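Inside the fold
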Amino acid sequence: MKAVVLAGGYATRLWPITKDRPKMFLPIGDSTVIDRIFADLEDDDRITEVFVSTNEYFEEEFREYLADRDFEKPTLSIEDTTGEDEKFGVVGALAQLVEREGVDDDLLIVAGDNLLGFDLGEFTDFFEERGEPCLVGYDVGSLERATAYAPLELDGTEVVDLQEKPDEPESSLVSIACYALPAAELPSLETYLAGDNNPDEPGWFMQWLVANRTVHAFTFDGKWFDIGEPEAYLEAVAWELDGENLVAEDADLRDAELSGNVHVMAGATVENSTVANSLVFPGATIRDAALEGSIVDEQAVVEELPLSGAVVGAHSRLQPDGWSERDG
């Protein structure tokens, strides 16, 4: 069995902190989302190779990242795009990867920005028992939230209906970006695309697949985070830290008051400031300020300001006169 980790997005809703870094590399405690996925796949002997599908723009970042890790299975597979307007869509990129890499095995597919509350090996067990296309379902807790996803209707484990982003969903159980396809179903990707169907979101492909095949849903009760916006990222960090703070050994804290769910990273300085539910990236400086629910990227400086719900880009300076710049 092979696996694909989808990591080709440009994460524009998380800019500026993802303008020059893949969002999969954003820290969640002492790790990252994609490291947790890699670890699950590394531990599963059934997975022989992991293709990391990314774009040309982030190719070197991924090469350097993987070179610094001990994972043996990941192999980069590069989409021929450098910007959001050139993307093939997730389904289109997946079909191209299958052809480009000559994949003819059962295939596990997972989005690299999924923080999953279960071990991927459990899903693989479920898939092997069914021997048919499978997806992962999660109850997001409200019909309003379900409008952003693909709600499911089940009969046992079989999916009898799936609608991508409906205006009035009937269920809060939704499909998340984690799927498994038998080798015999891989040509369905090309069949779907040849029918002039939507190439962008995998939910559209799964909706089509449910209408034409038997598809099963693996459901779980743990947490799940789709890290696509700053609020979701902060929620994932808060879940990981569970009310505690994480401070790097070489961070410089002077007269700093940290409330829960604060991550202060290597080389950062927090002086005469209060910080709550926030992330201070490496080398950033917070001085005479108050942060609440904010993200301050690398080497940025925030002085004498209260910030709530802010995302401060790398190398920026924020001061009381409103002056802001980006150095280098």
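Everything below is about the structure shown above.
These lines cover the structure that appears in this document, whether it is placed above or below. These numbers come from a predicted model, not from an experiment.

**Observations regarding the layout of surface pockets**
The volume enclosed by the largest pocket comes to roughly 1300 Å³. Along the walls of the largest pocket sit 46 residues, with Arg-13, Lys-23, Asp-113, Glu-201 and Asp-226 positioned nearest its centre. Among the elements that take part in the lining of the largest pocket, strand S11 (residues 173-181) stands out by supplying four residues, more than any other. A per-class count over the lining of the largest pocket returns 19 nonpolar, 10 polar and 17 charged. For the second largest pocket, the calculated volume is near 250 Å³. Forming the boundary of the second largest pocket are 16 residues, of which Phe-25, Pro-27, Met-265, Phe-281 and Pro-282 lie nearest the centre. For the lining of the second largest pocket, the per-class residue count stands at eight nonpolar, four polar and four charged.

**Section: the environment of Asn-212**
Its location among the elements puts Asn-212 in helix H7 (residues 202-212). Residue Asn-212 is classed as partly exposed on the basis of its relative accessible area, which comes to 43%. Separated by 24 residues in the primary sequence, Asn-212 and Ser-188 have C-alpha atoms spaced 10.0 Å apart.

**Notes on the pairing of strand S17 (residues 269-276)**
Looking at chain direction, strand S15 (residues 252-258) and S17 are connected through six bridges and run parallel. Bridge pairing in S17 places Ala-256 opposite Ser-273. As defined by bridge partners, S17 adjoins strand S19 (residues 285-287) across three bridges and the pair is classed as parallel. Looking at S19, one finds that Val-270 is bridged to Ile-286. Direction of pairing for S17 relative to strand S20 (residues 290-292): parallel, over a ladder of three bridges.

**Focus: the packing of helix H6 (residues 187-194) against H7**
As a packed pair, H6 and H7 sit with axes 11 Å apart at the nearest point and diverge in direction by 100°. Relative to H7, the element H6 lies roughly perpendicular. Facing Ser-188, Leu-189, Thr-191 and Tyr-192 of H6, the residues of H7 in contact are Trp-204, Phe-205, Trp-208 and Leu-209. Looking at the contact of H6 with H7 residue by residue, the classes come out as six nonpolar, two polar and no charged.

**Let's talk about the side chain of Ser-77**
For Ser-77, the position within the fold is in strand S5 (residues 74-79). At a separation of 2.6 Å, a polar atom in the side chain of Ser-77 contacts the side chain of Glu-101. Ignoring anything within four residues of it in the chain, the contact list for Ser-77 reads Val-52, Ser-53, Thr-54, Leu-97, Arg-100 and Glu-101.

**Remarks on empty space enclosed by the protein**
Once rolled over the atoms, a probe with the size of a water molecule shows which space is left empty. Summed over all chains, the structure comprises one cavity of 30 Å³ or more. Put simply, the largest cavity is a space of about 60 Å³. What lines the largest cavity is Leu-6, Val-90, Val-91, Leu-94, Ile-109, Tyr-179, Leu-181, Leu-189, Pro-202, Phe-205 and Met-206. Elements supplying a minimum of two residues to the lining of the largest cavity: helix H3 (90-100), S11 and H7.

**Some details on the packing of H3 against H6**
Relative to each other, H3 and H6 sit at 135°, their axes nearing to 9 Å. For the element pair H3 / H6, the angle class is oblique. In this structure, the crossing between H3 and H6 has a hand that is left-handed. Contacts between H3 and H6 involve Val-91, Gly-92, Leu-94, Ala-95, Val-98 and Glu-99 from the former and Leu-189, Glu-190, Tyr-192 and Leu-193 from the latter. Class assignment of the residues belonging to the contact of H3 with H6 gives a composition of seven nonpolar, one polar and two charged.

Rules behind the numbers
- Residues numbered from 1 in each chain as written.
- Predicted model: local features only at pLDDT ≥ 70, side-chain atom pairs only at ≥ 80, totals over all residues.
- Heavy atoms only, no water.
- 1 Å grid on protein atoms, 1.4 Å probe; cavity = no way out; pocket = protein on both sides within 12 Å on 5 of 7 lines; lining within 4 Å.
- Points joined across faces, edges and corners; volume = space filled by probe spheres on them.
- Helix = DSSP H or I, 4+ residues; strand = E, 2+ residues; numbered from the N terminus.
- Nonpolar A, V, L, I, M, F, W, Y, C, P; charged D, E, K, R; others polar.
- Buried < 20%, exposed > 50% of the residue type's maximum accessible area, 1.4 Å probe, protein only.
- Pairing = 2+ DSSP bridges.
- Axes fitted to C-alpha atoms, helices over the stretch in contact; angles between N-to-C directions.
- Parallel < 35°, antiparallel > 145°, perpendicular 65-115°, else oblique.
- Contact = heavy atoms within 4.5 Å.
- Polar contact = N/O pair within 3.5 Å; in protein donor to acceptor, adjacent residues only side chain to side chain.
- Left-handed = near helix turned anticlockwise from the far one by under 90°.

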